[in-house]
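Read off the chains here:
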Amino acid sequence: MNGPKPEWYDKLKSGPFTRKTFTIDDIYRIEQKTAESAQGGRVRKLIILKRRRTLPVLAAVFLCVAAAAFLFRGELEPAVTKAWSGFVKPTEPPQATVPPLQQETGTFYLKGDAAVVSEPKAFGDEETETTVNSENAVTVLEIRNGFAKIGEKRWIPEWYLNKDADKRLKEVRLSQFLRERPIVTMTAPYYGVIMQDVSFSLYPGEPKPSGGVLKYGRVVEVIRDYRDWVCVNVFSYDGRKYAGDKWVPKENVGVYDSSVAQEGLLKERVEALSSSGTPAYLHPGARIVIEGEADGFYMIRSQSAYTAKISKSDFLPNPFLGLDRKEDTDPQWHFYQEEMLNRYEDFAKTRTDDSLKGLEPIDIFRYYVMASEKGDWETVYALLIKGSDYATPSREEYLSDIGREPDADKQAKQKWDALRKDYTLYQEISGDSAYIVMTKRGSSSPSPEDKQAFSLIRNKAGIWKVSWLPMQ
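(A) Broad picture of the overall build of the chain. A tally of regular secondary structure across the chain gives 11 helices and 26 strands. Within the chain, residue pairs in contact and separated by at least 24 positions form 59% of the contacts whose partners lie at least 6 positions apart. Surface exposure of the chain reaches about 28,500 Å², of which carbon and sulfur atoms provide 51%.

Shown next, in the form of C-alpha cells:
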C-alpha cells in the first residue's frame, strides 16, 4: 500500500465535488431524526453507539460512489437519476411506442399503372377513382398490409413496386430500363367471358385471391395485361364495390361470345321479388345475371338482389353495352367510345402516321374496316406498311387497281358485314407482329376452318400498320 499511487488516487482524495455535500454532521443529523421519528427520541445512547459503529462503513460506501461518479459520470448519469429520484425532477412516464415502418420506403419505379385506393385494404369500399402512371417514379412513404402509401389516402399494392430497379439502373440507362422492365401493358379494352369459375386477385399471382368469385358466363372488360394474367372490369351483384384492380388468369377468360354470356341487360319491365320476398319491379336496362333455366325461362338476379323469371327474349347479353345496340355482334368490331371515332376522323383528314401513335393493333384494324366500307381508299392505303421489305405497291398502283372495281366499297361492306355476323374477335401480339383473330361463333374448340386472321406489323417508329394483303 506504500507504493506509487495511480493518477486517479489524487483525484479521488479531492472528490468529484467542489465542496463537501455529505459531511459527518449530515450523517449524524439524518440518523438522529430517523431514530427520533421511529422511537419517540428515547434511545439517544443507542444512536451514538450505532453512529460510531456505522460511520466507517458509510464513509467507505460514500467514497466508492464518489469515485465511480467521477470516473464514469457520463455512463452512470441515467442510473443515478433513477436511483436518486427523490432529489431530481421525476422523468416523464413512458409513452406507447409506434412499431417502426418496414425499411422499404423510398423512390420506386412501378411495374405498370395501378388503381389507387384510399386505405391499405384489399378490395375496400372506397376508391379514389385515379390511376398512378408508371412512367415516372413514385415516392413510397410507408409499407403496410401489403400496400405502399404514395400520398394522403393514396395506396397501391406493394406488388407494383419494382424493387430491382436500383441494381438494374447501375447496369443500363434509364430509357433502356423502362423499355425492358416487366410491365403491365395497357390494352385497347375488349370483352371476354369467364369460361371457368375463378376468384379475382388484387395483383397477378396473389397467393390467396382476395376478391369475389366470377362464375362461368360472367362478362368482363379486359383493360390491362401482364404475362399470363389480365386485369378486368366487372359488375358486382353482392352489394360491394370492390375498389382496386381485379386480376384473373388468362386461361379463365375466353373470347367473348354472346351465346355463352350469362350476364347482360333486361329488355322489358318485369315483376320480381326482393330478397325479403316482397313484390318489386325490374326496369329495362337493369343489369342482370342468369342463375338458372327452366321451362324456357331464365331465373335472374339483379344488383339490387331481386330475383325474377324472365323470357329468354328479354335477355340482352353483355352488361357493358346499352339497350340501343343495333345488332347482336361482338362489340370488338365497333368503336364504343366517341373519342376513338373522333381520332379516326382526324386521321382520315391528315393520313399521317403521327395520328396513329399509341394505338393498339385492333384500333388500326377498326380504322381499316371503316375506311374500306366507306370506299376511302386513300385512307386505306395510308394504313398499309411501307418499305422495300414489305412488297406494298406504290400509291398510284394501288389506287389504279382499286379504281378498276367500281363496286369495291360495296363488296368490302358485304364482306365485313358477313364476318361481323358470324365471328368474334381478339388480338394476339408477338414482338413486332400482331393478328386480329376471327373465330366463328359457337366454336368451343375451333378448327382452322373456323378461324381467320388479319395481320399487322409494327414499323421502326413503333406504329402498328396493316400488312399488304392482310387476310392471306
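Next comes the rest of the write-up.
(B) Local environment of the environment of Y216. By the secondary structure assignment, Y216 is in the loop between β11 (213-214) and β12 (219-226). Residue Y216 is classed as partly exposed on the basis of its relative accessible area of 40%. Taking the C-alpha atoms as reference points, Y216 and V260, 44 residues apart in sequence, are found 8.7 Å from one another. Not counting residues up to four positions away in its chain, the partners in contact with Y216 are I194, M195, D197, V260 and Q262.

(C) Up close: the pairing of strand β16 (residues 263-266). Here β16 pairs with strand β19 (residues 287-294) via 3 bridges, running antiparallel. Residue pairing in the sheet places G264 in a bridge with I288 of β19. When β16 meets strand β22 (residues 315-317), the two strands line up antiparallel, connected through 3 bridges. Pairing of L265 across the sheet is with L316, part of β22.

(D) Representation of the packing of aromatic side chains. Inspection of the entire model under this criterion finds 19 aromatic pairs. Arranged with centres 5.7 Å apart and planes meeting at 75°, the rings of Y298 and F315 form a pair that is edge-to-face. One end of the pair, Y298, is in strand β20 (residues 297-302); the other, F315, is in strand β22, with 17 residues separating them in the sequence. Like Y298, the residue F315 is buried in the burial classification. Positioned above the aromatic ring of Y281, the side-chain terminus of R269 is 3.8 Å from the ring centre. Just above the ring of W416 sits the side chain of K415; from NZ or CZ to the centre is 4.8 Å.

(E) Layout of unusual backbone geometry. Positive phi, normally seen in glycine, also occurs at D295, with a value near 55°. Looking at where D295 falls in the secondary structure, it is placed in the loop between β19 and β20. Unusually for a residue other than glycine, L469 sits at a positive phi of about 55°.

(F) Inspection of the sheet that holds strand β24 (residues 433-440) at higher detail. Read across the sheet, 4 strands follow the order β23-β24-β25-β26 without closing on themselves; strand pairing throughout is antiparallel. The sheet is open, and its two borders are formed by β23 (423-430) and β26 (464-466), each paired with just one other strand. Neighbour-to-neighbour, the strand axes of the sheet open up by a mean angle of 30°, direction not taken into account. Here β24 runs beside strand β25 (residues 451-458); their pairing, made up of 7 bridges, is antiparallel.

(G) Seen up close, the pattern of salt bridges. Here the structure, examined in full by the defined rule, presents 19 salt bridges. Taking the shortest distance from any N to any O, the salt bridge between E373 and R420 comes out at 2.5 Å. Taken as a pair, E373 in helix α8 (residues 361-373) and R420 in helix α11 (residues 408-422) lie far apart in primary sequence, 47 residues in all. Residue R420 is joined to D417 by a salt bridge in which the shortest nitrogen-to-oxygen separation is 2.5 Å. Here the residue R420 and the residue D417 both occupy positions in helix α11, the gap between them amounting to 3 residues, near one helical turn. Assessed through its relative accessible area of 8%, R420 is described here as buried.

Conventions and cut-offs
Residues numbered from 1 in each chain as written. Predicted model: local features only at pLDDT ≥ 70, side-chain atom pairs only at ≥ 80, totals over all residues. Heavy atoms only, no water. Helix = DSSP H or I, 4+ residues; strand = E, 2+ residues; numbered from the N terminus. Contact = heavy atoms within 4.5 Å. Areas by Shrake-Rupley, 256 points an atom, 1.4 Å probe, with all protein chains shown as cover. Buried < 20%, exposed > 50% of the residue type's maximum accessible area, 1.4 Å probe, protein only. Pairing = 2+ DSSP bridges. Phe/Tyr/Trp six-rings, centres within 6.5 Å; stacked < 30°, edge-to-face > 60°. Lys NZ or Arg CZ within 6 Å of the ring centre and 35° of its normal. Axes fitted to C-alpha atoms, helices over the stretch in contact; angles between N-to-C directions. Salt bridge = Lys/Arg side-chain N within 4 Å of Asp/Glu carboxyl O.

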